[in-house]
Amino acid sequence: MRTVLYNLAHARAGDKGDRCNIGLIARRPEFYPVLVREVTADRVKHLFGEWCKGPVERFELPNLEALNFVLHGALDGGALASLRLDTQGKTYGFALLRLEVEIPEALRVETLI
Amino acid sequence: MPQPFRIAGASGFWGDRNDALLDQVRGGPIDVVMLDYLAEVTMSILRMKMMRNPNQGYAGDFLKALDPALHDIVERRVKVVTNAGGMNPRACAQAVVELARKKGIPGLRVGLVTGDDILGQLDTLAARGIALENLDTGGAFSTIRERVLSANAYLGSEPIAEALRAGAQIVVTGRCTDSALALGPLLARYDWAPHDWNRRAAGIVAGHLLECGGQGSGGNFAGGWEQVPDLANLGYPIAEVEESGEFVVTKHSGLGGLVTPPVLKEQLLYEIGDPRAYVTPDVVADFTSIRLEDLGANRVRVFGIRGEPAPEQLKVSVSYQDGWRNAVALTFVWPHALDRARATERLLRARCEKRGLDIDEVHVDLIGVSGAHGPLAPAPREEPNEVLFRMAIRTRDRESAKRFGEEIAPLVLSGVPGAASGLLSGRPEESVIVNYWPTLVPRDSVLASVEVLES
């Protein structure tokens, strides 16, 4: 069974130089293992494609049932030099939540979108 | 049980709500208000203001926030700690003293922390063999040396604590870490030992939760913004910190907002890298150790926090001139709005070539379709009613950026049809790019100093 990541998690993104970080937080504790399994650094790198020039790192925070992604070279040179509409990548959390992920049949997920 | 020490956040950046300070002071009992004004972008803007006027260079909004609140602050003996000093903390502190005089408040003690500005020491540092290479890219400092506008070390909490111990009621700093605005008052209150890394880390985490103002109490909350009450009267977050370092995050009950574990999780993850090592001049905090417990009624207990020894080097934020940019925009309407926007891109590129503009980089947004997310956005399923076409450029020389701005208005008569106004000016002005260069210096090369002024 597949669902959109938005139904499983919420996210906040911010900038540091040319890096964007996205905190991805499970909406329910039982969703956290799904995030760990499905939302790999590779998938995030693939999703952002040419908009993320460097590597993507992933860090696990089981204490907060959350993952932190650091996208290097993802802000067109950083907020101060960027030509993009969203110079700081503040909306990139929502871009990540578009991802489609596989979930176990037994998992009860409310459809939010 | 002894009363916890209550720290209230009242500003998350330069441009935040100026009435939050008064709300925090009047909304209920607090001991300290912290106001953060500095982002990476802010210091360079302040530098340019100071170059134009030596009495400027600080976040003047702080004075606007303080003016209506100062009598209450003095009466209730609330302490105020802020990095509003920016590039010019002395001018900011003097402006506070002046405001107190004007309001007839004698004897107000204003602490002033300086020493973060190391612009004048860069050559001495280089002579000592300190490379100042870019912390992110490894780039050599020599490539930007001639274009440097400012260099500020991130100070920690000790100078703030020292100013408070010396009797300051208001403390003004330049560049310090945002979270030091919480740890400084905690050190002055509880005298935590220099090597008490766990409690220092707790103070830093409290600061991290308060440093973005309303974002710590339901503002910009992606995990259920529909449920956040009364954003128009958002009560900014408050940390009630025990001597043990455990704390409860809450807000004044008479104001809007929401304090729950999901709200705090979003803020904990905001602008961090490796969560196991949140590096500050005071301590390296381990965010994977943070535990949250929902106590209900907008109260969340935060505990279990661990820290490791402070680093040997301090981070420095250097700003430097890095070319020019400009952007133009036009709205196109149905039908074929996207086709006409794309044709306009081609047209503008041809015009730039004909006019001989020296452009390093071009970026195009089709706002309404893929403006914010570019290639991540799916193709539209149907013809959009309108698309805002935006084209931005970066140049080395100012003239090219300026002349690019002259190319958009003529398209209304000489371009493709169906163009409405573009939100941006019909002749947008070029702006200088001031970029950011993070680097490291040895701790002993930065000497913070503390004074106390009095009204």
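Residues numbered from 1 in each chain as written. Chains lettered and ligands numbered in written order. Predicted model: local features only at pLDDT ≥ 70, side-chain atom pairs only at ≥ 80, totals over all residues.

1. Regarding the environment of S431 of chain B
Residue and element names in this part refer to chain B.
Then step 1. When you line up the elements, S431 lands in strand β18 (residues 431-442).
Then step 2. The exposure class of S431 is exposed, given the 12 C-beta atoms found within 10 Å.
Then step 3. Sequence-distant contacts of S431, that is, excluding residues within four places in its chain, are made with W324 and R325. (Helix = DSSP H or I, 4+ residues; strand = E, 2+ residues; numbered from the N terminus. Buried ≥ 20, exposed ≤ 12 C-beta atoms within 10 Å, placed from the backbone. Contact = placed C-beta atoms within 7 Å.)

2. Re the interface of chain A and chain B
Then step 1. Taken together, the contact between chain A and chain B spans 35 residues of the former and 41 residues of the latter.
Then step 2. Counted by class, the side of chain A that touches chain B contains 16 nonpolar, 11 polar and eight charged residues. (Nonpolar A, V, L, I, M, F, W, Y, C, P; charged D, E, K, R; others polar.)

3. Observations concerning the environment of L155 of chain B
Then step 1. Along the chain, the position of L155 of chain B falls in the loop between β5 (148-153) and α7 (158-165).
Then step 2. When near neighbours in sequence (up to four residues on either side) are disregarded, L155 of chain B contacts V113, G115, D116, T173, R175, C176, A180, P281 and A448 of chain B.

4. A short note on the domain arrangement of chain B
Then step 1. Domains assigned within chain B are domain 1 (5-116 + 154-311) and domain 2 (323-437).
Then step 2. Of note, the centres of domain 1 of chain B and domain 2 of chain B, computed from C-alpha atoms alone, are 39 Å apart. (Domains from an automatic or database assignment.)

5. So, the sheet that holds strand β9 (residues 278-279) of chain B
Two orientations exist for strands paired in a sheet by backbone hydrogen bonds: parallel and antiparallel.
All names here are of chain B.
Then step 1. Pairing is antiparallel across the open sheet formed by three strands, whose spatial order is β9-β10-β13. Because the sheet does not close on itself, it has two edges, and the strands there are β9 and β13 (306-308).
Then step 2. As paired elements, β9 and strand β10 (residues 284-286) share two bridges and run antiparallel to each other. Note on β10: the bridge partner recorded for V279 is V284.
Then step 3. Against the sheet, helix α9 (residues 197-210) engages β10 and β13, with an angle of about 110° to β13. (Pairing = 2+ DSSP bridges. Axes fitted to C-alpha atoms, helices over the stretch in contact; angles between N-to-C directions.)

6. What to know about unusual backbone geometry
Residues and elements named next belong to chain B.
Then step 1. Note the cis peptide between W334 and P335, where omega equals 0°.
Then step 2. Locating P335 in the fold gives a position in the loop between β14 (313-333) and α11 (337-354).
Then step 3. Even without being a glycine, A297 presents a positive backbone phi close to 50°.
Then step 4. Following the sequence through the fold, A297 ends up in the loop between β11 (291-296) and β12 (299-303).
Then step 5. Even without a glycine there, the phi angle at H336 is positive, about 60°.
Then step 6. If you trace the backbone, H336 turns up in the loop between β14 and α11.
Then step 7. Using a count of 16 C-beta atoms within 10 Å as the deciding quantity, one classes H336 as partly exposed.

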